[in-house]
Amino acid sequence: MVDLQLRKVSKKYRIRRDADSNGSILGKLLSLRKRREDFWALRDVSFEVQRAEALGIIGHNGAGKSTILKLLSRITTPTTGDIMINGRLSALIEVGSGFHPELTGRENVYLNGSILGMTRREINKKLDSIVEFAELRQFIDTPVKRYSSGMYVRLGFSIAAHLDPDVLLLDEVLAVGDASFQRKCIQRITELKKNGTTIVFISHDLRAVQQLCDRVILLKKGQIEADGDPAETIGLYQSLSGQLGGPGAGSWGRELTGEAVVTSLTFYDENDNECLTFETSKPMKAVLNYRVDKPLTDVIFEVQFYSQEGRLCSFFSSETLGRLIDVEPGEGSIVFDCSSVGLGPGMYFIDTGIRHRLAPYGIDIDWRRRCMAVRIDYDRHLRDTFYMPYICRHSPPPDKTECLPQQGTKSTKTYKQLV
Amino acid sequence: MSDARPIRFIRPVSFSPFDIVRGLRELWQYRDLFLTLTVHRIKVRYKQSVLGLAWAILQPLSLMLIYTVIFSVIAKVPSEGVPYSVFAYAALLPWTFFSSSLTNATQGLVSHSQLVTKVYFAREILPLTYVSAALFDFAVATSFLIALFFYYGVHVTSYALYAIPILALLIALATACSLFLSAMQVKFRDIGVAMPLLLQLWMFSTPVVYPLSAVPQRYRGFYILNPLVGVIENFRRVVLQGVEPDYQSLAVSAIVAAILLPLTYLYFKRVEATMADVI
């Protein structure tokens, strides 16, 4: 039984280029048509989803994931091709966007519920359960403008979780609320899946995708790159990410000298097995091999970690060695040994660089941009953004007699002595 | 929900008259949302306002006072033998409904861009609920018209029953204009900026502050092409003056509404398909 079918679906967007904003009005009117560029967010994408199957869709930002989401939820229409949906489809996308701050929680349940496609009668029936799930019984008649952001999110998810769809679209919604509420959400989704709901899960969170999905599609530049077993597809995604880069140009348009090059970079886990997936707080080791053509003095080797959004999150640098590295022609390697990974969950793209320590324009010898990708998975050590290594000790309460000063004067004396 | 699973096809934008039927069927499925949103509009408008519902009356009332001073005390505009204030109010009542429908509905889609880009529902509901909320205000403001009738001792005749089809026409016209303008506003924000001016021009080219009979005969054929002429003038005639409506202008309004409504709906549905990409 096919619940969802895409046949040669393409979606074209028009991108406006605002060439000159200070031109005359006439010029603006004349160029209204001209300054548009076509961009194909999806190109001839076809796939089917069987009933009760959980399909994951992964890919880089801009690969077309959210376009698929928008098409399936009917927010926009395809440029060519068609989509067949068998059953009632609900999307769990950015919950709470339909809330009105002046209305009470109860009124918003009705408003949001009917926006999401529930009938009044359905909402009447489910109201108690929705409020219970959101843990908002006391506050249900308070205007939502007085809600905390956590309450807001809980109510939004709770409404959406009560839709009972035949086909469920999931976005990054699982990353909302506190840990206990998140668990509740995942439990609810697993429940739906068990009851035969077809699920399409679109996410960056590869671990969640692997846990939840029976099949994964990898999108690349608006086309299907791979379609199949979750572990395999996710693995392919990670290795593909490594092909993004290759030798790049120098920073600020400077030529790289290429006198030394990185020949390979390998990551190892705590057991010295080659590995690309790590967990926060666990050890990670990176070995960078290089080849040098002519003697160089005072160079630095770097491994940089970039987030999906392209932000530099962390790096390993040989500068921390505290002494100059002079290299002779030949090969060598640098080892970065990290005792506990501090990065949060997600994909990280790796740049490697070799530069003179005092190079004025940054990396000047060799730079491999986005040459690899490592994945950091969720771990109980990290609930939010940062991980701080620590050791937890539990000390039993000290003996009371020791703790209390026996006499006021004495304790003052001790204090004075201390000073 | 029924057990039968609905099968839906999502296809590229087409432009066929059949879309109207499909659209209306879907609109019917979303009737609960329509009701909830209408109630919501009314509630939100009067929440945290001291005067509350009185605003529905105050708006046409204050206009009535201003126009009475200008057009009755200062300039002597004819009012068909009826006290000018009630003459003006009887026309301001349907006009206020029309203009506030348009003003709010035009912003309806853009002000809900958050929703439009996140969830699907029959989008015409957004502008339409502003029309229905304005209709509620209309009903409230009517109570003041009745009070005026008592005060001035106006005799209501059986011609007042014509008010029902006239009102239906007015709603149809307001709906058509709202659909069109709200969809245009998505692409061209100029519409929203131009609205106050447009409405002012429209009001003065409609017999609100003066009677139709004040328009010179030779211009009248052209004048009644404005579909609101037949609606506003005749509403006042049958309700206040208690005389037969002017069938000619009424027929023009009906024809224009019959053409505009399906056309604007089709246009709206066409814009709706890719609305989320441009809003």
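No experiment lies behind these values; they were computed from the predicted model shown.

**Some words on the overall build of chain B**
- When helices and strands are tallied, chain B shows eleven helices and one strand.
- Along its sequence from the N terminus, chain B presents helices and strands in the succession β-α-α-α-α-α-α-α-α-α-α-α.
- For the C-alpha atoms alone, the extent of chain B along its principal axes is close to 60 × 45 × 40 Å.
- Counting across all 279 residues of chain B, residues that qualify as buried make up 42%.
- Of the contacts made within chain B by residues no fewer than 6 positions apart, 80% connect residues no fewer than 24 positions apart.

**As for the interface of chain B and chain A**
- In this complex, chain B contributes 29 residues to the contact, which on the side of chain A involves 34 residues.
- Elements that contribute at least two residues to the side of chain B that touches chain A include exactly β1 (7–10), α2 (31–46), α5 (113–116) and α11 (247–278) of chain B.
- Considering every element that reaches the side of chain B that touches chain A, the biggest residue donor is α2(B), with six residues.
- Here the side of chain B that touches chain A is composed, by residue class, of 15 nonpolar, six polar and eight charged.
- In this structure, strand β4 (residues 80–86) of chain A lies alongside β1(B), joined through four bridges in antiparallel fashion. Note that in β1(B) the partner of A:Asn86 across the bridge is B:Ile7.

**Some thoughts on the sheet that holds strand β10 (residues 260–268) of chain A**
Residues and elements named next belong to chain A.
- Strand order across the open sheet formed by three strands is β10-β12-β15, with antiparallel pairing between neighbours. Edge positions in the open sheet fall to β10 and β15 (330–338), since each of these has one partner strand only. Geometrically, the sheet is characterised by an average inter-axis angle of 20° between neighbouring strands, direction not taken into account.
- Relative to β15, strand β12 (residues 284–292) runs antiparallel, the two being bridged by nine bridges. Following the sheet pairing, Tyr290 is matched in β15 by Gly332.

**Considering helix α5 (residues 149–161) of chain A**
Residues and elements named next belong to chain A.
- In this model, α5 (13 residues) spans 18 Å end to end at C-alpha, consistent with the 18 Å of a helix rising 1.5 Å per residue.
- With ten of its 13 residues buried, α5 lies for the most part within the structure.
- Those residues of α5 that sit buried are Tyr152, Val153, Arg154, Leu155, Gly156, Phe157, Ser158, Ile159, Ala160 and Ala161.

**A look at the packing of helix α6 (residues 125–152) of chain B against helix α7 (residues 163–187) of chain B**
All names here are of chain B.
- Viewed as axis vectors pointing N to C, α6 and α7 meet at an angle of 145°, and their least axial separation amounts to 9 Å. The chirality of how α6 crosses α7 is right-handed. Here α6 contributes Pro127, Leu128, Tyr130, Val131 and Leu135 to the contact with α7, which in turn contributes Ile171, Ala174, Thr175, Ser178, Leu179 and Ser182.
- Tallied by class, residues from the contact of α6 with α7 come to eight nonpolar, three polar and no charged.

**Remarks on the sheet that holds strand β6 (residues 167–170) of chain A**
Residues and elements named next belong to chain A.
- Taken in spatial order, the six strands of this open sheet run β5-β6-β7-β3-β8-β9, and their pairing is mixed. Since the sheet does not close on itself, it has two edges, and those belong to β5 (89–92) and β9 (223–228), each with one partner. On average, each strand axis in the sheet is inclined to that of its neighbour by 20°, with strand direction left out of account.
- In terms of strand pairing, strand β3 (residues 54–59) meets strand β8 (residues 215–220) through five bridges, oriented parallel. By the bridge assignment for β8, Gly59 is matched with Leu219.
- Helix α2 (residues 65–72) contacts β3, β5, β6, β7 (198–202) and β8 of the sheet and is inclined by roughly 145° relative to β7.

**A closer look at the domain arrangement of chain A**
All names here are of chain A.
- For chain A, the domain assignment lists domain 1 (2–239) and domain 2 (245–377).
- Residue-level contacts link six residues of domain 1 with eight residues of domain 2.
- Residues of the side of domain 1 that touches domain 2, tallied by class, amount to one nonpolar, three polar and two charged.

**Some words on the environment of B:Val73**
- Looking at the secondary structure, you find B:Val73 in helix α3 (residues 54–74).
- Through-space distance from the C-alpha of B:Val73 to that of B:Leu58 is 21 Å; in sequence the pair is 15 residues apart.

**Here we look at the environment of A:Phe157**
- Looking at the element boundaries, A:Phe157 is found in helix α5.
- For A:Phe157 and A:Leu170, which are 13 residues apart along the polypeptide, the C-alpha to C-alpha distance reads 11 Å.

**As for the pairing of β8(A)**
All names here are of chain A.
- As defined by bridge partners, β8 adjoins β9 across five bridges and the pair is classed as antiparallel. Opposite Leu219, over in β9, you have Ile224 as the bridge partner.
- In textbook terms, the turn of a hairpin is the stretch between consecutive antiparallel strands, and for β8 and β9 this stretch comprises two residues, one of which, Lys221, has a positive phi near 50°.

**A short note on α2(A)**
Residue and element names in this part refer to chain A.
- The buried count for α2 comes to six of eight residues, which makes it a mostly enclosed element.
- Among the residues of α2, Lys65, Thr67, Ile68, Lys70, Leu71 and Leu72 are the ones counted as buried.
- Arg74, located one to two residues past α2, shows a positive phi value of around 70°.

**Overview of the pairing of strand β14 (residues 312–317) of chain A**
- Pairing of strand β13 (residues 299–306) of chain A with β14(A), which is carried by five bridges, proceeds in the antiparallel orientation. Each residue of the ladder has a partner; that of A:Val303, found in β14(A), is A:Phe316.

**Topic: the packing of helix α10 (residues 227–241) of chain B against α11(B)**
All names here are of chain B.
- In contact at an axis separation of 7 Å, α10 and α11 are set at 130° when each is read in the N-to-C sense. As the angle between them shows, α10 and α11 are arranged oblique. Viewed along their axes, α10 and α11 form a crossing whose handedness is left-handed. Residues Pro227, Val229, Gly230, Val231, Glu233 and Asn234 of α10 pack against Ser249, Leu250, Val252, Ser253, Val256 and Ala257 of α11.
- Of the residues belonging to the contact of α10 with α11, the class tally is seven nonpolar, four polar and one charged.

Analysis parameters
Residues numbered from 1 in each chain as written. Chains lettered and ligands numbered in written order. Predicted model: local features only at pLDDT ≥ 70, side-chain atom pairs only at ≥ 80, totals over all residues. Helix = DSSP H or I, 4+ residues; strand = E, 2+ residues; numbered from the N terminus. Buried ≥ 20, exposed ≤ 12 C-beta atoms within 10 Å, placed from the backbone. Contact = placed C-beta atoms within 7 Å. Nonpolar A, V, L, I, M, F, W, Y, C, P; charged D, E, K, R; others polar. Pairing = 2+ DSSP bridges. Axes fitted to C-alpha atoms, helices over the stretch in contact; angles between N-to-C directions. Expected span 1.5 Å × (residues − 1). Left-handed = near helix turned anticlockwise from the far one by under 90°. Domains from an automatic or database assignment. Parallel < 35°, antiparallel > 145°, perpendicular 65-115°, else oblique.

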